[in-house]
Every structure is written in structure tokens, then in C-alpha cells.
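# Overview (structure and organization)
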Amino acid sequence: MPDGYFDDPKHEEAFRFLIDMGTLAHSYGISSHRLASMLEKVAGSVGLMGKFEVTPASILFVVWFPKDRRQRIHFAPMPSPGFDLTRVNGLFEIRAGIENGSLTIRQAFAAMDDVKTQPPAFGPLLVGLGYALCGAGFGVLLNLGWMDVFFSAVASLAVFAVVLLCRSWPQCGGQIELISGLLVASLAVLFGFIFPGSNHISVILAGLVVLLPGYSLTLGIAELSLGKISSGLQRLTAGTLTLLNLFIGATIGLALLSHVHSIAPPLPSSPPDTIWVWLFAVLLVAGLAFVFQVRPRDFIWVLLAGLVAHFGVSLGSGLGFWQGSFLGALGVGVFASIFSTMRHQPTSTVLIPAVMVLVPGATALRGLRSVALDGVTSGLTTEWQALANIGAIIAGLLVASAVISSKSTQ
């Protein structure tokens, strides 16, 4: 680097600001292509040019002055991102302040410190309730009986306990899915022992719904379609490994306990009334809002987005196995753009929880089970349906973005 290049403290401060904002946004769950676009716009607002290569595991910052070929490069390895939509909104406001000139870089640094240190929107009790609501809500969508719906909520709470344990004991942090699959399958089989006729397979799916990588798989394929090869492949690999860990853990749990005592076949259960399905669809979205730390004042908008997604699925389910996913994603995409335009907030606030309602990961996990029990042909058919559902979700979101665009890049 030649002497004098980036020696100006203002330029050095601007570069450090881009690094801090990028790493924070990455850790709170902003997708790779949206984060890269956001950083390019912020760089322009602080007098720099930049290109940013973002993957789930790293960010490469390349920054230069206009009309100057010399570059400043910084590589930042990143841990696996989580979701904190309240903090995403905080960063979105800081970015808006930088772009419209209402914040200086020094003020933006202070605002980012506030975002990092602010308490979570929901504490452990409400997040635990969110896990239980997700399990119960998805159980109703799977047409389980009320006893199995209760079992699904308990199993999902057990997953939350595993997550808390692994946070406080880093040695098992990389095995959350394997341990959760083992624990939930064991609990489902025990429920089946005590209450013969319980649908233990569906209880396992509902109990693990928060960990199903449907969003990761969908985003991975979407990023591949946008030419983000490295990021897309990493997300697809991570999502596939998550599925395999969940499947292996659940299979071990089923195998161990089924040898101790035979499992009675599930008794048929009548589908719940439509009013209950809609109510528990709302509860599922509310649970996801707790888990993803949505700001309380955005709660009602997230619930409305979830209702739009469920309405689309209900409308298209009679047409085929992928049409419901397409219509649900189309409705959510349009709703998210309208929300972002009206409220001046990132689309991810409502988009991420609502897309999770479509849970293509559940179909993929069923496919793995079909491979194990019924052979490759049956499993590939189910996996094809999962892939078609993911494609339908992506298509729905792309059509929505063509119908109505949003200024949000998040």
C-alpha cells in the first residue's frame, strides 16, 4: 500500500465503519446478496467505492477511492449467523441515517454500540413459549390430534432446552441438531408407549420445526440463481448437513427405544376444524416472531404476513403439491414490499418468519426417512417434491418483486 493512501483519519474511520456494520449485519441474519448490496450503498454514502463478497462463513471487503485503482482489502471470517430482527431494524435505521446525512460516522459508531448492547426483545421465557407455539402450530397444520399437538409443544420445548444448554456449554454447540433429533425422537416414542396410537413420526417433525433448514435451503438455491455461487453452495451444504444431523439423531432415538418396546401404529385422527387451523397458523407465526426476536411494535405485521402465507398455501393446496408454496410466497413477497415501503423498514422483518411457515425442510426430512424405510425411489420422489416447493417459493418471491418493488435492501 503506497504511503498516504487511506492515511486520512476520516477515510480510515469510514473503512472501519463498513467492517463493523458488515460483521454485525451478518451476525443478525441478513442474507448474503442483500448485505453485499447494502454495504455498496453505504460505502458510496461515505465517499468510497466498494465490492463485497459475502458468504455464510466470511466477508471480503474491497474498498477504493473513486477514479483510483488502488484498493484496501479486509477479510473477516464469520461464525454461523443467527436471527435477531430487532437488531436488524436498528442497523437499518443507522444505514438510513448515514445515507440521508442525519448521522455522522462517529454518531453511527455510537448507535451501533447501542444496538449491540441493547437487551433482547424477548427473554428466555418468551422465546421458550415461542418454541412451544411453533411445535403446537405445526402439529395442527399436520392434522395431528390434540394430544399429539400437546406432545409436539413439549418436544419443541425440549429443543429449546438443548439450545440453551449448548449456548452455555460450547463443546456441544456444533451438535444441536443431532442432540435435538435424538431427544425429540426419544420423547415421541415414550409418548407413544404411554399413549398408544400417538403419531410419533409427525410429533418428531413438529417438535423439530424450528431447526428445520427450509429457509437456508431456499436461500441457498435463490443465491445460486443470482450467481452467488460460493454463498449458495455453502448455504445448501449447511442446510443439507442440518437435515442429515436431525435425521441421524432421530433415527438413533427411534432405533434405541423401539427395540425396548414395540411402537403401536398411529390411530387415525380427524382433521381439526378450519377455525383451529387458522388460529394455530397465527400461533406458529407468533412463535417464530418470539424466536427471531421481532420488535414488539412489528408483531402485528408479522402475524398478518403469516396469515397471508397460510391463505396462499390453503388456496393453492388443492391444485397440486407446489402451487400452495408459490401462492404463499407470492402473497408474502407483495406484502413484505408494501410493508417496507409504508413503514420504511427492511422486508426481512416480516419475510423471514412468514417464509418459515412454508417449511420445505419438513418435506426434505420426510424424504430422508422414505429413503431409509422404503428405498431410494420413494425417497427421491419426496425429495423432488421438496425441491419443487423450494423452487415455487423462490418463483413466488421473484414474481412479487417484479410486481411491486421495495427500496429496502435487507
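This text gives an overview of the structure that appears in the document. (Residues numbered from 1 in each chain as written. Predicted model: local features only at pLDDT ≥ 70, side-chain atom pairs only at ≥ 80, totals over all residues. Heavy atoms only, no water.)

### Side note on the environment of Glu177
Where we set the bar: Here a helix means four or more residues in a row that DSSP labels H or I, a strand means two or more in a row labelled E, and each is numbered from the N terminus. Between buried and exposed lies partly exposed: a residue is buried under 20% and exposed over 50% of the maximum accessible area for its type, with that area taken using a 1.4 Å probe on protein chains only. Contacts are residue-level and defined by heavy atoms, with any inter-residue pair within 4.5 Å sufficient.
On the secondary structure map, Glu177 appears in helix H7 (residues 176–194). The class of Glu177 is buried, set by a relative accessible area of 19%. Setting aside anything within four residues of it in sequence, one finds Glu177 in contact with Leu211, Thr242, Asn245 and Leu246.

### Overview of the environment of Thr242
Following the sequence through the fold, Thr242 ends up in helix H10 (residues 229–260). Exposure remark for Thr242: the relative accessible area of 15% places this residue in the buried category. Along the backbone, Thr242 and Leu178 are 64 residues apart, and their C-alpha atoms lie at a distance of 8.3 Å.

### Topic: the packing of helix H1 (residues 9–27) against helix H4 (residues 105–117)
Note the following rule: Geometry is summarised by axes, namely lines fitted to C-alpha atoms with helices restricted to the contacting stretch, and by angles between N-to-C directions that run from 0 to 180 degrees. Angle categories: roughly parallel below 35 degrees, roughly antiparallel above 145, roughly perpendicular from 65 to 115, and oblique for all the rest. Should the near helix be turned counterclockwise from the far one by less than a right angle, the crossing is left-handed, whereas a clockwise turn marks it as right-handed. Amino acids outside the nonpolar list (Ala, Val, Leu, Ile, Met, Phe, Trp, Tyr, Cys, Pro) and the charged list (Asp, Glu, Lys, Arg) are all regarded as polar, and Gly is one of them.
Interhelical geometry of H1 versus H4 gives an angle of 25° and a closest axis separation of 10 Å. Comparing their axes, H4 and H1 come out roughly parallel. For the pair H1 and H4, the sense of crossing is left-handed. Judged by residue contacts, Glu13, Ala14, Arg16, Phe17, Asp20, Met21 and Leu24 of H1 engage Ile105, Arg106, Ala108, Phe109, Met112 and Lys116 from H4. In the contact of H1 with H4, the residues fall into eight nonpolar, no polar and five charged.

### Considerations on the environment of Gly123
Position of Gly123 relative to the elements: it lies in the loop between H4 and helix H5 (124–141). Counting along the chain gives 167 residues from Gly123 to Phe290, while the straight-line C-alpha distance between them is 8.9 Å.

### Focus on unusual backbone geometry
You will see that Asn143, though not glycine, has its phi angle at about 65°, which is positive. One non-glycine residue, Gln293, lies in positive phi territory at about 60°. Structurally, the position occupied by Gln293 is in the loop between helix H11 (274–291) and helix H12 (299–316). Accessibility expressed as a relative area gives 9% for Gln293, which makes it buried.

### Structural notes on the packing of aromatic side chains
As a reminder, the rule being used: Centre distance within 6.5 Å is the pairing criterion for rings of Phe, Tyr and Trp, where only the six-membered ring of Trp is used; planes under 30 degrees apart are then read as stacked, over 60 as edge-to-face, and the remainder as tilted.
This structure, assessed with the given rule, holds 15 aromatic pairs. Ring geometry for Tyr131 versus Phe160: centroids 5.0 Å apart, planes at 40°, classification tilted. Of the two residues, Tyr131 is situated in helix H5 and Phe160 in helix H6 (residues 146–168); the sequence distance between them amounts to 29 residues. By relative accessible area, Phe160 is classed as buried at 8%. Aromatic pair Trp301 and Phe339: ring centres 5.7 Å apart, planes at 55°, arrangement tilted. Of this pair, Trp301 sits in helix H12 while Phe339 sits in helix H13 (residues 323–343), and the two are 38 residues apart along the sequence. Phe339 gets classed as buried once you look at its relative accessible area, which sits at 1%.

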